[in-house]
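Each chain is listed here by its residues.
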Amino acid sequence: MIVGIDLGTTNSLVALWRDGAATLVPNPLGQFLTPSCVGFLDDGTLIVGQAARERLQTHPQLSAALFKRYMGTSRAVTLGTQTFRPEELSSFVLRALKADAETFLGEPVTEAIITVPAYFSDAQRKATRVAGELAGLKVERLLNEPTAAALAYGLQNRDESKFLVFDLGGGTFDVSILELFEGVMEVRASAGDNFLGGEDFVTLLMQTFLQQTALGQRVGTRVEDLPPPLAIRLRVVAEYAKRALTNAATATLQIEHTGETYTWQVDADTFAALAEPLLERLRIPVERALRDARIRPAELHSIMLAGGATRMPMVRRLVSRMFGRFPLVNFNPDEVVALGAAVQAGLKMRDAALDEVVMTDVTPYSMGIEITERITPERMSKGHYLPIIERNSVVPISQVKSIETVQDNQRVIELRIFQGESPMVVDNVFLGNLRIPIAAKPVGAVKVDVRFTYDVNGILEAECTVTETGQKHVLVIEENPGVMTPEEVRQRLQTLSTIKIHPRDQTENRTLMARAERVYQQQLGSQREAVGHAIAVFQDALERQDRDAIREVRAAIKRQLDAIESDTLFE
Ligand code: ADP
Ligand code: MG
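Residues numbered from 1 in each chain as written. Chains lettered and ligands numbered in written order. Predicted model: local features only at pLDDT ≥ 70, side-chain atom pairs only at ≥ 80, totals over all residues. Heavy atoms only, no water.

Trainee: Hey, could you go over the overall build of the chain for me, with residue numbers and the actual values?
Mentor: The helix and strand tally for the chain stands at 15 helices and 28 strands. Relative to the 2.2 N^0.38 estimate, which gives 25 Å for 571 residues, the radius of gyration of the chain is 26 Å and therefore close to what a compact globule would have. With the principal axes as the frame, the chain shows a C-alpha extent of 90 × 50 × 50 Å. Within the span of the chain, comprising 571 residues, buried residues form 53% of the whole. As displayed, the chain has an accessible area near 25200 Å², and 49% of this comes from carbon and sulfur atoms. Across the chain, the mean location of the 62 positive side-chain charges is 2 Å away from that of the 74 negative side-chain charges. (Helix = DSSP H or I, 4+ residues; strand = E, 2+ residues; numbered from the N terminus. Rg over C-alpha atoms; globule rule 2.2 N^0.38 Å. Buried < 20%, exposed > 50% of the residue type's maximum accessible area, 1.4 Å probe, protein only. Areas by Shrake-Rupley, 256 points an atom, 1.4 Å probe, with all protein chains shown as cover. Lys, Arg positive; Asp, Glu negative; His and termini not counted. Charge placed at Lys NZ, Arg CZ, Asp CG, Glu CD.)

Trainee: Hey, could you go over the environment of Ser12 for me, with residue numbers and the actual values?
Mentor: With respect to the helices and strands, Ser12 occurs in strand 2 (residues 11-18). With a relative accessible area of 0%, Ser12 lands in the buried category. Taking the C-alpha atoms as reference points, Ser12 and Ser190, 178 residues apart in sequence, are found 22 Å from one another. With residues near it in sequence (within four places) discarded, Ser12 still touches Asp6, Leu7, Phe32, Leu33, Thr34, Ser36, Val93 and Leu97. Within the local environment of Ser12, its side chain forms a polar contact with the backbone nitrogen of Gly8, the two atoms lying 3.2 Å apart. (Contact = heavy atoms within 4.5 Å. Polar contact = N/O pair within 3.5 Å; in protein donor to acceptor, adjacent residues only side chain to side chain.)

Trainee: Quick one: what's the story with the pairing of strand 26 (residues 447-454), residue by residue and with numbers?
Mentor: Going residue by residue along strand 26, you find Val448, Val450, Phe452 and Tyr454 tucked away on one face and Lys447, Asp449, Arg451 and Thr453 left uncovered on the opposite face. In this sheet, strand 26 lies alongside strand 23 (residues 397-404) in antiparallel orientation, the contact comprising eight bridges. Residue pairing across strands places Ser402 opposite Asp449, the latter belonging to strand 26. As defined by bridge partners, strand 26 adjoins strand 27 (residues 460-466) across seven bridges and the pair is classed as antiparallel. Bridging from a neighbouring strand, Thr453 pairs with Glu461 of strand 27. (Pairing = 2+ DSSP bridges.)

Trainee: Quick one: what's the story with the site of ligand 1, residue by residue and with numbers?
Mentor: As a matter of local geometry, ligand 1 sits amid 18 residues, with Gly170, Glu239, Lys242, Thr246 and Gly308 nearest to it. For ligand 1, an oxygen atom lies 2.7 Å from a polar atom in the backbone of Gly170. With respect to ligand 1, the backbone of Ala309 contributes an N or O atom lying 3.1 Å from an oxygen atom. For the shell around ligand 1, the elements supplying multiple residues, two or more each, are helix 5 (198-212) and helix 7 (228-247). Looking at the shell around ligand 1 residue by residue, the class counts come to two nonpolar, 11 polar and five charged. (Near = heavy atom within 4 Å. Nonpolar A, V, L, I, M, F, W, Y, C, P; charged D, E, K, R; others polar.)

Trainee: An account of the domain arrangement of the chain is requested, with residue identities and associated values reported.
Mentor: Segmenting the chain into domains produces domain 1 (2-196 + 277-362), domain 2 (367-468) and domain 3 (504-568). The straight-line distance from the C-alpha centre of domain 1 to that of domain 2 is 34 Å. Together, the buried faces of domain 1 and domain 2 total about 1200 Å²; carbon and sulfur atoms form 46% of this surface. Remark: the boundary between domain 1 and domain 2 carries one salt bridge. (Domains from an automatic or database assignment. Buried area = accessible area lost by both parts, 1.4 Å probe. Salt bridge = Lys/Arg side-chain N within 4 Å of Asp/Glu carboxyl O.)

What follows is the structure, given as structure tokens:
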């Protein structure tokens, strides 16, 4: 069984192809969305999901979130006494989803299709593969998120059409333009922003709260300067307000700090006006994708939304304005990517019902080499870029370009490989290099064919052939600091396998306890005492392992906590 996984910045989901349909798998709490948060309990056991999200506030030193943003870098996160790379933290989430799928299916799961933002770089894609390996999953394929969303959509709408997928998640934004023709779906263009998502709208509310209330005068008006415990508390309040404004005209942000209460009431129109700069940024990738696909907005048959942040009315209004029509809302925007990944898994397993659906994908960026331009026979200009595979080419693709020596008696051709769109290589991303020894000849007498091959997983191979001798050289990409070596993966697998995972059947209790602890920390006075008492009773029931008592106490605490704070806070 191959499962489909949406490994999100904010939330992750696992789905599978069963009985001819994509099916979402519930986590131990019965929910399809598992927060992409990990953490350790005081006894050193690992928790993933909602419990870890609750503990971000009460135990920030032992909890981590938003690590997808650092995939493809070696930025380390310290949890207690241990240090982890972003792909290791991601592997914990994948491991939890794998366990959920195994419980759901009653059989082991060893293979997965994992989705990635279309705009993920080579290093970010490799890190995602490593995360899969570290979780004990063979990654069958990496699938672009908007492509997955479109795949879910395409199956139910067999009409010929051109459409655009607008995916705004918690931390990333992706746009893809696709074309469906006689059952064949082709991605015409994709573009995006790896640092724009729903979280930025929360940060905006936090920022404005500091400017609008006296709290800013006391602690400063910059969100990034806030002491972490206060920042986390304010983020929860702002997240709640953001969601409230999806359904209501006004919301109130209120926070207590050293005995004082600070309040700001904001209405939906003010929020939309404040968010204008963020909304403007959403236009840029849309325009680029349209330009690359050479499609006018009027030619699009439909606009499809993905990502939880597209629930915001201001985003829907922007989309309607940009395209002069309403977007489709047939799907739950949080779930559509995972469903598409399950469709792809079904394709892989050659389900008969899916046989006729053929999928193509495109390269998210151009890839090429550094060249020296000859201005006159004497004057050379170094550091220019020669694209070999251009962005938005249909994959898999193999392209060849010829280059020649630029000097008399040149003994080496230094092939430096880059990805990006800028004319000067310094502004592009360096991928690797290759030195090709050649015979000393007059300028231009030695020619070399440079072939780039890019596969469906986004892996690039470069091959050089010296035309005269037929001698071939294949690129060995130099060590990338953002990607673990196979040896490092092997070593870390061993270390990670010694980590104790919190028992799955205790997830519900653990999550509720984490929530109770958080609420205890937030409240004061009699409510706090009541929560403190409830925690003691719950602990006692857990220690006695008295199932009936646990169930009873759990229900009572849930009611109590719901009464204290809005129960929609984390829905
Ligand atoms: P990702 O793909 O990054 O994991 P999701 O697609 O799960 O993200 O979307 C998460 C984002 O959606 C968060 O920023 C969250 O605040 C936002 N979101 C979810 N529901 C709502 C809502 N009802 N109103 C506004 N924003 C929402
Ligand atoms: Mg997403």
